[in-house]
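Each chain, written out:
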Amino acid sequence: MKRSKAISILTVFLCLMLVLTGCSAASGSAENTAKAGIVPGDYYGVGDGRNGAIVVKVTMGADSIDAIEVISESETYNTGSAPIELYPELIVKNQSLEVDAVAGATITSFALLNAVKDAITQAGGDPSKFTGKVATEVPHENCEADVVVIGGGGAGMTAAITAAQEGKKVILVEKLGILGGTSNYSCESFGAVEDKTHVALGSDTTADQLEANFIKQNPNGLPEAFKILAHNNGKAADWLRSIGAQLTVASGQVSSTTSREVGKLGVSIVSALKAEMEKVGVDARVNSKATEILMQDDKVAGVKVSTKQGDYTISTKAIVLATGGFGANKNMVIEHAPQLADLSSSCSNGATGDGHLMAQAVGAELKNMDYIRVNFTYTTAENGYYYYMGSLFNTGAIFVNDNGERFVNDQGGYGVGHQVVAQGASGWAIFDNSIVAGVQDVREYEKLGLYVKADTIEELADKIGVNKENLINTISKYKGYVANGKDEEFGRAMVTMTFDEAPYYACKMTCRVQGTFGGINTDVNAQVLNAEGKAIPGLFAAGECANDGTWGANPACVNIVFGKIAGQNAAVYANN
């Protein structure tokens, strides 16, 4: 499979301009340009970003970089935004390309730097000559706050906003160079009932009904936690809408999401939370890693923070841990679920269990650490990028193992992830041209070269190396299920793929750790508990790092509901 560069018409035009501008500025051959050194002028450079080409216009002086403008890019908003917003000014101000890669956005960081280097080279310059330390302004002096929030994902930002709205001085520290955490990647739905959208549409599903459903589906959870979640998720959805999150679509009786025009759910939520944090005066500090919780007389007294500029201490009475899970920490995953040792993660790369370890060091109990979700709906391109492929299965594709046979509910997502792990942690999505032609995401993935394509099922089986006879029989049987409207084997809800529209496609699917839902034990007030079940004074936790009793039920919603609870109770405690 070869990944094509999804370059827009604008990008193609700019590349032509690059050639014309380069020739015009050089006024001669490449050899003469090299001898003459930098020829001042505008040059267009291209770098290979996460989602396609990044094109920059670089204005070069005789021996300087005078200006950088990002002309075209399709990077994920919030995640890829940081280097795009920061680098042009930093590079020009310091006349140096030695800017640190933005943790959490390394692909975009390197792509943007490569684009600038490309332009400098075209100008006849040597990128390696633009060196020198680039300092970023990150606070690193001892200070005080009423409440410190550790972690800048959905739960952490919500807690910080809530505490600030209670009139508290709040500092949020985030070790990555971006805010949002794993919430940036949320793309499905926000669980909610009795919110304004559902009420307007006449939905009659009640919070009591949702509570009962939570308890039935999650017998290991805590009924009191499900009660709080069910009766507050509608209020949480309405609050998000009130601060600008575009949850305008009812994606079911018990969930809301964003429209296709708006884009991914997580991006909309994170954008709204970032704007609200700034509005209420939260001091949000990225590239700032909390390393230790400080205690005095068995109560929270502060937190140590490490930055590249130096280490410092924030004195505080209340801390909210919202550091996410530990799915990106392979050693911790292996410790608690050794069968997942060979899997990569689809979490934020900041989800390394820092909060778990800091809390444990001051006496917190860790519970249900082996509750780790696995999702099989990912594919990895040859260049190492990975892509979420839920749209394939949600629009009709079936899933087979290397023997050419179905063995799970194809729409099961992380619900069947461990069954896929047991059969080698990989398999193939099989589908026909109907969803390539009819679904935008699937069509875009096809352009990226992520699929194997064939005119017949027999040829497809040969190309991907699965048992031909089994695959033919599997598809024949499935077509019967489609005709009868019922999946007799695995109970798939949507049975629609008719396999009568050539060409046929296959996409290699690989399991990834999607989330860890055990963690720092808390009560329903978000207070962190020790091994005796007693609250540690001043310490709270929310989001994926917390074992809060919700058993992973709709994490996007849990982040907001329990983030609010943590922020409110931390603010109250800070008054004592």
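On a predicted model such as this, the values are computed, not experimentally measured, just so you know.

**Q** Would you explain the pattern of salt bridges in this entry?
**A** Opposite charge on two side chains makes pairing possible when the charged atoms of those side chains draw close. Under the counting rule described, the total for this entry stands at 16 salt bridges. Of the charged contacts in the structure, one is a salt bridge between K304 and E292, with a shortest N-O distance of 3.5 Å. You can see K304 sitting in strand β12 (residues 299-307) and its partner E292 sitting in strand β11 (residues 289-296), a full 12 residues away along the chain. Residue K304 is classed as partly exposed on the basis of its relative accessible area, which comes to 36%. For E292, a relative accessible area of 36% corresponds to the partly exposed category. Note that D410 is salt-bridged to R406, the shortest N-O span being 2.5 Å. When sorted by exposure, D410 lands in the same class as R406, which is buried. It is possible to trace a salt-bridge network through shared partners that takes in R406, D410, K477, D487, E489 and R492.

**Q** It is not clear to me how helix α18 (residues 555-574) should be interpreted in this structure. Could you clarify?
**A** One full turn of an α-helix is made of 3.6 residues, so residues set three or four places apart face in the same direction. Its 20 residues give α18 an end-to-end C-alpha distance of 27 Å, which sits within 8% of 28 Å, the value for a rise of 1.5 Å per residue. Across the 20 residues of α18, 16 count as buried, placing the element largely inside the fold.

**Q** Which parts of the structure should I look at to understand the environment of F214?
**A** You can see F214 is positioned in helix α7 (residues 207-217). The spacing of F214 and K479 is 265 residues in sequence and 34 Å in space, taken between C-alpha atoms. Not counting the four nearest positions on each side in its chain, F214 is found in contact with F226, L229, A230 and A553.

**Q** What am I meant to see in the packing of helix α5 (residues 154-165) against helix α9 (residues 265-280) here?
**A** Between two packed helices, what matters for the description is the angle formed by their axes and the separation of those axes. Orientation of α5 relative to α9, taken along the N-to-C sense of each, is 30 degrees, at an axis distance of 9 Å. The angle between α5 and α9 places the two elements in the roughly parallel class. The handedness of the crossing between α5 and α9 is left-handed. Two secondary-structure elements touch here, α5 through G154, M157, T158, A160, I161, A164 and Q165 and α9 through V270, L273, K274, E276, M277 and V280. Per-class residue counts for the contact of α5 with α9 are eight nonpolar, three polar and two charged.

**Q** Sorry, what's going on with the packing of α7 against helix α8 (residues 223-242) here?
**A** The contact between α7 and α8 brings their axes to 8 Å, and the two run at 145 degrees. α7 and α8 meet at a crossing whose hand is right-handed. Contact residues: A207, D208, L210, E211, F214 and I215 in α7; P223, F226, K227, L229, A230, H231 and N233 in α8. Across the contact of α7 with α8, the residue classes tally to eight nonpolar, two polar and three charged.

**Q** Help me understand the environment of Q360, please; the structure alone is not making it clear to me.
**A** On the secondary structure map, Q360 appears in helix α11 (residues 354-361). Judged by its relative accessible area of 43%, Q360 falls in the partly exposed class.

**Q** Sorry if this is basic, but what is going on with the sheet that holds strand β3 (residues 65-72) here?
**A** Where strands meet in a sheet, backbone hydrogen bonds hold them as pairs that are either parallel or antiparallel. Ordered by their spatial adjacency, three strands build an open sheet running β1-β2-β3, and the pairing between neighbours is antiparallel. On the outer flanks of this sheet lie β1 (41-48) and β3, each paired with one strand and no other. Each strand of the sheet is rotated relative to its neighbour by a mean of 25 degrees, with strand direction disregarded. One ladder, built from eight bridges, connects β1 with strand β2 (residues 53-60); its direction is antiparallel. Bridging across to β2, Y43 finds its partner in V58.

**Q** For this particular structure, what's the right way to read the sheet that holds strand β5 (residues 147-150)?
**A** Taken together, the six strands give an open sheet; going across it, the order is β10-β6-β5-β14-β25-β24, and neighbouring strands pair in mixed fashion. Pairing within the sheet leaves two strands with one partner each, and these edge strands are β10 (283-285) and β24 (527-529). Each adjacent strand pair in this sheet contributes to an overall mean axis angle of 30 degrees, direction not counted. Across four bridges, β5 lies against strand β14 (residues 318-321) in parallel orientation. Each bridged residue has a counterpart across the sheet, and for I150 the counterpart in β14 is L321. Strand contacts of α5: β5, β6 (170-173) and β14, with the helix running at about 170 degrees to β6, the strand carrying the most contacts.

**Q** Looking at this structure, I do not really get the packing of aromatic side chains. What am I missing?
**A** Each aromatic ring pair is specified by the distance between its two centres and by the angle formed by the two planes. As enumerated under the stated definition, the model contains 16 aromatic pairs in all. Ring geometry for Y371 against F517: centres 5.9 Å apart, planes inclined by 50 degrees, an arrangement best described as tilted. In this pair, Y371 sits in the loop between β16 (366-367) and β17 (372-380) while F517 sits in the loop between β22 (504-516) and β23 (519-521), placing the two residues 146 residues apart along the sequence. Each member of the pair Y371 and F517 is classed as buried.

Parameters at a glance
- Residues numbered from 1 in each chain as written.
- Predicted model: local features only at pLDDT ≥ 70, side-chain atom pairs only at ≥ 80, totals over all residues.
- Heavy atoms only, no water.
- Salt bridge = Lys/Arg side-chain N within 4 Å of Asp/Glu carboxyl O.
- Helix = DSSP H or I, 4+ residues; strand = E, 2+ residues; numbered from the N terminus.
- Buried < 20%, exposed > 50% of the residue type's maximum accessible area, 1.4 Å probe, protein only.
- Expected span 1.5 Å × (residues − 1).
- Contact = heavy atoms within 4.5 Å.
- Axes fitted to C-alpha atoms, helices over the stretch in contact; angles between N-to-C directions.
- Parallel < 35°, antiparallel > 145°, perpendicular 65-115°, else oblique.
- Left-handed = near helix turned anticlockwise from the far one by under 90°.
- Nonpolar A, V, L, I, M, F, W, Y, C, P; charged D, E, K, R; others polar.
- Pairing = 2+ DSSP bridges.
- Phe/Tyr/Trp six-rings, centres within 6.5 Å; stacked < 30°, edge-to-face > 60°.

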